[in-house]
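Secondary and tertiary structure notes
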Amino acid sequence: MTRMIRIFDTTLRDGEQSPGASMNIEEKLLVAKQLARLNVDIIEAGFAFSSPGDFDAIHRIAQEVEGPVICSLARAKPEDIDRAWEALKSAPKRRIHTFLSSSDIHLKHQFRMTREEALKRAVEMVQHARSFVEDVEYSPMDATRSDLSYLCDVVEAVVEAGAGTVNIPDTVGYTTPQEFGEIIRNLCERIRDKGAIISVHCHNDLGLAVANSMAAIHAGAGQVECTVNGIGERAGNASLEEIAMGLRTRKDFYHADTQIQTEEISKSSRLVSQITGMVVQPNKAIVGANAFAHTSGIHQDGLLKDKNTYEIIRPETIGLTQSRSVMGKLSGRHAFREELAKLGYTLSDQELQEAFERFKRLADQKKELFEEDLESIVNKAVTKVPERFSLKGLQVQSGLNVPPSATVELFIQDQLKSQTGTGDGPVDAVYRTIASLTETKSLLRAYIVKAITGGTDAQGEVSVRVEENGEVVTGHGSDTDIIIASTQAYLNALNKLADLVERHARAEQKIGLC
Ligand code: KIV
Ligand code: ZN
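Only a predicted model underlies this, so the values are computations on that prediction, with no experimental measurement involved. Sequence order as written defines residue numbering, which begins from 1 separately in each chain. Numbering of ligands from 1 and lettering of chains from A proceed in the order in which they are written. A pLDDT threshold of at least 70 governs which residues receive local features in this predicted model, and a stricter bar of 80 or more applies before side-chain atom pairs are shown or counted, although totals over entire chains, interfaces and linings include all residues. In computing side-chain values, all of the structure's heavy atoms are included and hydrogens and water are not.

Concerning the packing of aromatic side chains
Two descriptors summarise a pair of aromatic rings, namely the distance from one centre to the other and the angle between the planes of the rings. Note on ring pairs: Phe, Tyr and Trp rings are taken, using the six-membered ring of Trp, and paired if centres are within 6.5 Å. Classes follow the plane angle, with under 30 degrees stacked, over 60 edge-to-face and the rest tilted. Taken as a whole and judged by the stated rule, the model has eight aromatic pairs. Ring geometry for phenylalanine 253 versus tyrosine 254: centroids 5.0 Å apart, planes at 90°, classification edge-to-face. Owing to a relative accessible area of 18%, tyrosine 254 belongs among the buried residues under this scheme. Among the aromatic side chains, those forming a connected cluster through ring pairs are Phe336, Phe356 and Phe359. Three labels apply to residues, based on accessible area from a 1.4 Å probe with only protein chains included: buried if under 20% of the type maximum, exposed if over 50%, partly exposed otherwise in between.

As structure tokens, then:
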């Protein structure tokens, strides 16, 4: 018999805790809608109490994303749980996930609580969360460094108090598959017949997050917490695509599977990478650029004779198809809308208009447009931020023995300003000139370029990470001209920073008024 394992996706919560991976509300919404298409069971949309931005993102996702259960994290404190409920209440299916440590190291040094106090608090907070929702998850943080007998007591007590899922986090990525399998087997045994599910949440500090999660499934866990591309705090979380494909490919061994729509894996990976600016390493399992590339002559020979010789997963299974030219210069709005619908996008009239204009501009520069080009156009159109700074004109000079210089014309809140500056290279010249024109105090932390598709007329995609006063944003730009893409990415980041400052000011004003 095949057991169905629940996929609890935490890309928007733990994944967002990756250094520099912060997303704004529109980006979170876009990812959440893609996670729904991927058919995850639960979306952990954020940590409502942590910031007004997180609260608003959960609230919007709860209202607009259909299908999965929507969940908010909450510390084991009444005010956190109340805030999670406020953010979640419009979701048809909702879950509160509350947590407190169970290891002596954390209880003694961080929380200054005894084991008894922590257990009492856990029970009370599960009951408090149950007063709002039926579906409550409890996590004893740092479970894998906790005393096993105390951990068992906590798990039994919170199940008794009404937690339907108890998640066992390997918070610091310390455990091993054999050890973790034993812990999970013990816990499953202890709560057998109580109607609750054991979940696992593994970090990748020793590179064992997926192996530990798979061992846990083998030992009886019924839910896995994971992220797209394995992003997350420090070395990341268990990667969703590796778990889903591991189970699908080795169903014979695990006797378990997930509801994941695997054909959406590739697209989900591209989206999360593009939005967070976190590039997927080429040799990453399942979604790396080389994951299906066979270079050895012997392998290629075998594949030509029979795919089963060296291919354990068909690329189509994860949605990788031969790049398909989908549209061109003569395609009209109707065909454009149809093609987007085929790719699973439904846009508002305004977003469609914005996307169509971008499409027309790109179709003038590029002979053929591929699915990836359309994805990039749509992502830009639906995650548009208010433009405090917009580009009116750009001229760049550089070459052998020509000192790089740039003349930038910007609308800054409707006022046209222009300046010429120099730099170490053309992009540096543009960035220095923009920084001077906008008087930004922000620092450029990362600059990443990649090609969206193959070919010399491919769009270059640039992501920049910019920081000011501890706030980090990622800006994006794409164009067939890499200098223009770089300029767009920088301006996008500066606009996001300005938007963030404005949202914070509005949130503070709201709190002040209450
Ligand atoms: O890693 C961890 O322990 C967590 C918990 C909040 C589940 O992310
Ligand atoms: Zn975690």
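After that view, the rundown keeps rolling.
Topic: the sheet that holds strand β14 (residues 402-412)
Note on pairing: DSSP must find at least two bridges between two strands before they are called paired. Comment: elements are numbered from the N terminus, with helices defined as DSSP H or I runs of at least four residues and strands as E runs of at least two. The sheet built from three strands is open, its strands ordered β13-β14-β15 with antiparallel pairing. Pairing within the sheet leaves two strands with one partner each, and these edge strands are β13 (389-399) and β15 (415-422). Each strand axis lies, on average, 10° off the axis of its neighbour in the sheet, ignoring direction. Taken together, the nine bridges between β13 and β14 define a ladder with antiparallel strand orientation. Counted as the bridge partner of leucine 394 is valine 408 from β14. Working rule for contacts: check all heavy atoms of both residues, and any pair within 4.5 Å makes them a contact. Axis lines are fitted to C-alpha atoms, over the contacting stretch for helices. Their N-to-C directions set the angle, which ranges from 0 to 180 degrees. In the packing of helix α16 (residues 426-438) onto the sheet, the strands contacted are β13, β14 and β15, and the crossing angle to β14 comes to about 35°.

Brief notes about the coordination of the zinc ion (ligand 2)
Angles at a metal have ideal values that depend on geometry: 109.5 degrees with four tetrahedral donors, 90 or 180 degrees with six octahedral donors. Here a donor is an N, O or S atom found within 2.8 Å of the metal, or within 3.2 Å if the metal is Na, K or Ca; sites may look incomplete because water is not among the atoms. For the zinc ion (ligand 2), the full set of protein donor atoms is Asp14 (OD), His201 (NE2) and His203 (NE2), and the range of their distances to it is 2.0 to 2.2 Å. Read in sequence order, the donor residues for the zinc ion (ligand 2) give the motif D-x186-H-x1-H. In this pair, aspartate 14 sits in the loop between β2 (6-9) and α1 (25-38) while histidine 203 sits in the loop between β8 (197-202) and α8 (209-219), placing the two residues 189 residues apart along the sequence.

What to know about the site of ligand 1
Around ligand 1, a shell composed of Arg13, Asp14, His97, Phe99, Ser139, Met141, Asn167, Pro169, Thr171, His201 and His203 is seen. In protein, a polar contact requires one atom able to donate a hydrogen and another able to accept it; more generally it is a pair of N or O atoms within 3.5 Å, and residues adjacent in sequence count only if both atoms are side-chain atoms. The separation between an oxygen atom of ligand 1 and a polar side-chain atom of aspartate 14 is 3.1 Å. Contacts to ligand 1 include histidine 201, whose side-chain N or O atom sits 3.1 Å from an oxygen atom. For the shell around ligand 1, the residue count by class is three nonpolar, six polar and two charged. Near residues are defined by distance, with any heavy atom within 4 Å of the molecule or strand qualifying the residue. Amino acids are sorted into nonpolar (Ala, Val, Leu, Ile, Met, Phe, Trp, Tyr, Cys and Pro), charged (Asp, Glu, Lys and Arg) and polar (every other residue, Gly among them).

Re unusual backbone geometry
At arginine 234, a residue that is not glycine, the phi angle is positive and equals roughly 50°. Within the secondary structure, arginine 234 is located in the loop between β9 (223-226) and α9 (240-249). Under the relative-accessibility criterion, arginine 234 is labelled partly exposed at 43%. Unlike most non-glycine residues, histidine 255 shows phi in positive territory, near 50°. Looking at the secondary structure, you find histidine 255 in the loop between α10 (251-254) and β10 (256-257).

Here we look at the sheet that holds β9
Spatial ordering of the closed barrel is given by β2-β3-β4-β5-β6-β7-β8-β9, a layout of eight strands whose pairing is parallel. Averaged over all pairs of adjacent strands, the angle between their axes in this sheet comes to 25°, without regard to strand direction. Pairing analysis gives two bridges linking strand β6 (residues 136-141) to strand β7 (residues 165-170), with the strands arranged parallel. Counterpart to glutamate 137 in the pairing with β7 is threonine 165.

Quick notes on the nonpolar core
Soluble, globular proteins show a tendency: their nonpolar side chains are buried together. The criterion is simple. A nonpolar core is a set of buried Ala, Val, Leu, Ile, Met, Phe, Trp, Tyr and Cys residues joined through side-chain atoms within 4.5 Å. In terms of nonpolar packing, the biggest core is built from 113 residues, with Ile184, Ile243, Phe336 and Leu374 touching the most fellow members. Top element by residues in this core is helix α6 (residues 148-161). It accounts for nine residues. Other than its neighbours up to four places away in sequence, isoleucine 184 contacts Ile168, Ile198, Val200, Ala216, Ala219 and Ala221. By size, the runner-up hydrophobic cluster in this structure holds 23 residues, among which are Val408, Val427, Ala429 and Tyr431.

Observations concerning the pattern of salt bridges
Put simply, a salt bridge is a Lys or Arg side-chain nitrogen that is within 4 Å of an Asp or Glu carboxyl oxygen. Under the counting rule described, the total for this entry stands at 36 salt bridges. The closest approach of N and O atoms between glutamate 16 and lysine 28, which form a salt bridge, is 3.3 Å. On the criterion of sequence distance, the pair formed by glutamate 16 in the loop between β2 and α1 and lysine 28 in helix α1 is long-range, its members being 12 residues apart. Here arginine 234 makes a salt bridge to aspartate 205, at a shortest N to O gap of 2.7 Å. Of this pair, arginine 234 sits in the loop between β9 and α9 while aspartate 205 sits in the loop between β8 and α8, and the two are 29 residues apart along the sequence. On the accessibility criterion, aspartate 205 (32% relative accessible area) is partly exposed. Shared partners join several salt bridges into a network, and the residues in it are Glu26, Lys33, Arg60, Glu64, Asp499 and Arg503.

Structural notes on the environment of proline 92
With respect to the helices, strands and loops of the structure, proline 92 is situated in the loop between α3 (78-88) and β5 (94-101). Look at proline 92 and you get exposed, because its relative accessible area is 73%. Proline 92 sits 23 residues away from valine 69 along the chain, and the two C-alpha atoms are 7.8 Å apart.

Side note on the packing of helix α13 (residues 333-342) against helix α15 (residues 371-382)
Taken N-terminus to C-terminus, the directions of α13 and α15 make an angle of 95°; their axes are 11 Å apart at the nearest point. Judged on the interaxial angle alone, α15 and α13 are roughly perpendicular. Between α13 and α15, the residues in contact are Phe336, Glu339 and Leu340 and Leu374, Ile377 and Val378, respectively. When the residues that make up the contact of α13 with α15 are grouped by side-chain class, the tally is five nonpolar, no polar and one charged. Geometric relationships in this document are graded by angle, where less than 35 degrees denotes roughly parallel, more than 145 denotes roughly antiparallel, 65 to 115 denotes roughly perpendicular, and other angles denote oblique.

Concerning α6
Expected span of a helix: the number of residues minus one, times 1.5 Å. Helix length check: α6, at 14 residues, gives a terminal C-alpha distance of 20 Å against a target of 20 Å (1.5 Å per residue), a fit within 8%. Of the residues making up α6, those classed as buried are Tyr150, Leu151, Cys152, Val154, Val155, Ala157, Val158, Val159 and Ala161. The secondary structure elements touched by the buried residues of α6 are α4 (104-111), α5 (115-130), β6, β7, α7 (177-190) and β8. Looking one or two residues past α6, glycine 162 carries a phi angle of roughly 120°, positive in sign.

Focus: the pairing of β7
Along a regular strand, successive side chains alternate from one face of the sheet to the other. Counting buried residues in β7 gives six out of six residues, a clear majority hidden from the surface. Alternating positions in β7 separate into two faces, Thr165, Asn167 and Pro169 on one and Val166, Ile168 and Asp170 on the other, with burial throughout. The definition of a right-handed crossover adopted here requires that, viewed with the strands pointing away, the path from the first strand over the helix to the second runs clockwise. What joins β6 to β7 is α6, and the crossover it makes is right-handed. Inspection of the sheet shows β7 paired to β8 by six bridges, in the parallel sense. Residue pairing for β8: isoleucine 168 is matched across the bridge by valine 200.

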